[in-house]
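Structure assessment
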There are 2 protein chains.
Amino acid sequence: MQITEQWSCGEDNRTNMNSFFRDVQVKSMEQTVKHAEKYLGEICSLLASYTRKTAKLRDKADLLVAQLFDFSRTEDPEVQIGLRNLAEDLAMVQDYRQAQVERLETRVVSPLKAYGDVVKSKRADLKKFNTDLNRELKELQKVEKIRLRNPADRQSIAEVNAQKASNNAQRSIRQLEETITDFQRQKLEDIKRIFTDFITVEMLFHAKALEVYTRTYDNLETMNTQKDLEVQPMPMIQFLHMTALLLYLSNVHVVHIVILAKEVMFSPVSVFVCWLVGLSVRLHKNY
Amino acid sequence: MQITEQWSCGEDNRTNMNSFFRDVQVKSMEQTVKHAEKYLGEICSLLASYTRKTAKLRDKADLLVAQLFDFSRTEDPEVQIGLRNLAEDLAMVQDYRQAQVERLETRVVSPLKAYGDVVKSKRADLKKFNTDLNRELKELQKVEKIRLRNPADRQSIAEVNAQKASNNAQRSIRQLEETITDFQRQKLEDIKRIFTDFITVEMLFHAKALEVYTRTYDNLETMNTQKDLEVQPMPMIQFLHMTALLLYLSNVHVVHIVILAKEVMFSPVSVFVCWLVGLSVRLHKNY
C-alpha cells in the first residue's frame, strides 16, 4: 500500500514536473526568440548607423577632394601635379569607401533587417505551439483526474484518452523544439556569415585604401616644392597682359624690358617673345 | 634731338612701367596670400570635419562593441567566445581609430589651423611694405618732375633725391619679395609635410585595422556554431531552480528525472547531481 501510494504520489508529481519543465522549456524558447529580437535588432540599427557615418565620412572626403583640385589650380606646375595626384588618390579611396557602404548595406544591414520578419514568424509559431500544448496538457489533466477517480468501466477509455493526450502533447513539444532548434541553428549560421561578411567588407576597404595611400605617400615624397620657387613662369593671363602693354609702349628699349621682367620673375622665353613682338611693332612704326 | 626725345619718352614710360609692374607684382603677392588663406582655411575646416566624422564612426563602433558583449552573454559557450573575440577585436580597431583621430588633430588640423595666424601676419607685412613702396614711388615721381623742369641749380640735388627714392623703393620691393618668397616656400613645405602626415596617419590606421581583422576573420571561420546546438548544458540559474524543486519533490523516481531532463536537454552531469541531491534527501526522510 505504501509502495502504491508512493508510486501514485510519484505519478502526480510527474505530471506536475512535466508541466513545470515544459513551462521552463517554453520560457527558455521564448527567451531565445526575445534575445534574438532584442540584440540582433539593436546590432542591426547600430550597423546601419555605422554605415551612414561611413557615408558621411566619404561625403566629407569628397568635399576635401574638390577643394584640393581647386587649390591645385592656384599653384605652380610641380605642386599643382602633386596636389592633383593627392586629390585623385583621395577620390579613389572614396570610391572604395562607397563600395564599402554599398556592401555593408546589402551584405550586413539588409540580412540583419530581414531578421525582424524571421523573428516575428518564429514568435507566431511559438505562440501557436504553446496554445496547442496548453490545450493538450489540460486534456491530459482531465483524463488523469478521471483515471484517479478509478471507476472500473471507464478505466480503459480513460487510459486510451490519457495516452492520446500525452502523445499530442509530446508531438507539440517536439514541434516547438524543432522550430526553435531550427531557428537557433539558422540564427547562429547567419550571425557567423553576416559578421564574416562585415569583416570581409572592412578588410577589403582597408586593403585598398592602404594600396592607394602607399602610392600617394611615394608621390608626395617625390614632390619637389622648391622647383616651383626656382622658376616661376608667367601665367598665360599675365603673359597676354604684358604683350598687349608692350604693343602699346612699343618704343621701350629691350634692356628695360629685361630688367622689369627680371623684377617680376617672368620666364626668359616669355620675355623674349614679348620683346620680339615689341620690336616688330616698333620697326613697323619706323618704316 | 629725336634720340633725346625718344629717350626721354622712354624714361617716362619706364617710370610708368615700373609702377605698372610693381602693381602687378604686389597684386600677385596679395593673391598668393589670399589663396593660401582661402584654400588652406577651407581644407583645414574640411579635415577638422573629417576628423570629427571619424570620431563619430568610432563612437558608433564602440556602441556596437558594447552590444556584441551583451549579446554574447545570452549565447552558449562556443558562440559566446566567438562573439566576445569579435567584440574585442572591434574594440581594438576603435582604439586605433582613436589614435588616428588624435594624430589627425595634432599633426594635420592644428598645423593647418596655425596657418590662420601666419597668413594674418603675412598680410600685415604685405600691407606695411606696400604702404612704404607707394610713399617711395610718390617721392620718386616728385623728384622726377623737378628733374624734368630742369632748373640748372637744382639738377644735382634732384638727381641725388631721385637716386635715394629709387633705392628706397627698390629696397621695399626686395623686402616684399623676400617675405612672400619665404611665405610661399614655407607654405609649400608645410603642405607637403601636412599631407604626408595625413597619409601616414591614415595608412597606419588601415594597416592596423587590416592586421586585427585578419585575425578576426580566422577566429570567425573556426567558430563552430553547431557545437552549441549539440550539447546544451543547463545554465546555472536553471540548475539551481531544478535542485530546489528536486529537494521539494524528493521522492521522484530517478527514471522520471532522466526522462524529464532529456526532454529539456539538460547536461547529464547536472541531472546526475540533481538526482544525487534528491536521493540523499529521500534517504534522510525515510530514516
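Rules and cut-offs
Residues numbered from 1 in each chain as written. Chains lettered and ligands numbered in written order. Predicted model: local features only at pLDDT ≥ 70, side-chain atom pairs only at ≥ 80, totals over all residues. Heavy atoms only, no water. Helix = DSSP H or I, 4+ residues; strand = E, 2+ residues; numbered from the N terminus. Contact = heavy atoms within 4.5 Å. Areas by Shrake-Rupley, 256 points an atom, 1.4 Å probe, with all protein chains shown as cover. Salt bridge = Lys/Arg side-chain N within 4 Å of Asp/Glu carboxyl O. Patch = residues over 30% accessible without salt bridge, like charges linked within 9 Å, V, L, I, M, F, W, Y side chains within 5 Å. Lys, Arg positive; Asp, Glu negative; His and termini not counted. Charge placed at Lys NZ, Arg CZ, Asp CG, Glu CD. Phe/Tyr/Trp six-rings, centres within 6.5 Å; stacked < 30°, edge-to-face > 60°. Buried < 20%, exposed > 50% of the residue type's maximum accessible area, 1.4 Å probe, protein only. pLDDT = per-residue confidence, 0-100. Core = buried A, V, L, I, M, F, W, Y, C linked by side-chain atoms within 4.5 Å.

1. Here we look at the overall build of chain A
Counting its regular elements, chain A contains seven helices and zero strands. Counted from the first residue to the last, chain A has its helices and strands arranged as α-α-α-α-α-α-α. The long-range share in chain A, meaning contacts at least 24 apart out of those at least 6 apart in sequence, stands at 85%. Carbon and sulfur atoms provide 56% of the accessible area of chain A, an area that totals close to 15,300 Å².

2. Brief notes about the pattern of salt bridges
Under the criterion given, the structure shown has 20 salt bridges over all chains. The salt bridge partner of aspartate 59 of chain A is arginine 58 of chain A, with a shortest N-O separation of 2.8 Å. Notably, a salt bridge pairs arginine 174 of chain B with glutamate 177 of chain B, separated by 2.8 Å at the nearest N-O pair. Of this pair, arginine 174 of chain B and glutamate 177 of chain B both sit in helix α3 (residues 155-222), three residues apart, which is roughly one turn of that helix.

3. Let's talk about a positive patch on the surface
On the surface, Arg52, Lys56 and Lys113 of chain A together with Arg52, Lys56 and Lys113 of chain B cluster together into a patch of positive charge. Those elements that provide at least two residues to the positive patch are α1 (2-73) of chain A together with α1 (2-73) of chain B. Here arginine 52 of chain B shows up in helix α1.

4. Notes on the packing of aromatic side chains
Residue and element names in this part refer to chain A. Applying the stated criterion across every chain, the model contains four aromatic pairs over all chains. Pairing tyrosine 50 with phenylalanine 198 gives two aromatic rings, centres 5.8 Å apart and planes at 65°, and the pair type is edge-to-face. Of this pair, tyrosine 50 sits in helix α1 while phenylalanine 198 sits in helix α3 (residues 155-222), and the two are 148 residues apart along the sequence. With respect to class, tyrosine 50 is no different from phenylalanine 198; both count as buried.

5. Here we look at the confidence of the model for chain A
The predicted coordinates of low-pLDDT regions are not to be read in fine detail. All names here are of chain A. Averaged over chain A, the pLDDT score is 78; the fraction of residues at 70 or greater is 69%. Taken together, the stretch residues 1-10 has pLDDT below 50 and engages in three contacts with residues farther than four places along the chain or on a different chain. Across the predicted assembly, pTM comes out at 0.74 and ipTM at 0.74.

6. Overview of the nonpolar core
With 114 residues, the main nonpolar core has Leu47 and Leu68 of chain A together with Leu47 and Leu68 of chain B as its most contacted residues. Among the secondary structure elements, those contributing two or more residues to this core are α1, α2 (77-149) and α3 of chain A together with α1, α2 (77-149) and α3 of chain B. Residues within four places of leucine 68 of chain A in sequence aside, it is in contact with Leu83, Leu86, Ala87 and Leu90 of chain A together with Ile43 and Phe195 of chain B.

7. Quick look at the side chain of aspartate 89 of chain B
Note on placement: aspartate 89 of chain B falls in helix α2. When near neighbours in sequence (up to four residues on either side) are disregarded, aspartate 89 of chain B contacts Val212, Arg215, Thr216 and Asn219 of chain B.

8. With respect to the environment of asparagine 130 of chain B
Residues and elements named next belong to chain B. Turning to its location among the elements, asparagine 130 is positioned in helix α2. Taking relative accessible area as the criterion, asparagine 130 reaches 18% and is therefore assigned buried. Put simply, asparagine 130 and serine 172 are 42 residues apart on the chain and 7.8 Å apart in space, counted from C-alpha to C-alpha. With near-sequence residues (within four places) excluded, asparagine 130 lies in contact with Val26, Glu30 and Leu176.

9. Details of the environment of leucine 137 of chain B
All names here are of chain B. The residue leucine 137 is located in helix α2 in this model. In sequence terms leucine 137 and asparagine 168 are 31 residues apart; their C-alpha atoms lie 8.9 Å from each other. Residues contacting leucine 137, with those up to four places away along its chain left out, are Arg22 and Ala169.

10. Considering the side chain of threonine 51 of chain B
All names here are of chain B. Of note, threonine 51 is situated in helix α1. Judged by relative accessible area, which is 2%, threonine 51 ranks as buried. Not counting residues up to four positions away in its chain, the partners in contact with threonine 51 are Val101, Leu104, Glu105 and Val109.

11. Observations concerning the environment of tyrosine 213 of chain B
Along the chain, tyrosine 213 of chain B turns up in helix α3. Separated by 125 residues in sequence, tyrosine 213 of chain B and glutamate 88 of chain B have C-alpha atoms that sit 11 Å apart. With residues near it in sequence (within four places) discarded, tyrosine 213 of chain B still touches Ile199, Glu202, Met203 and His206 of chain A together with Leu90, Val93 and Gln94 of chain B.

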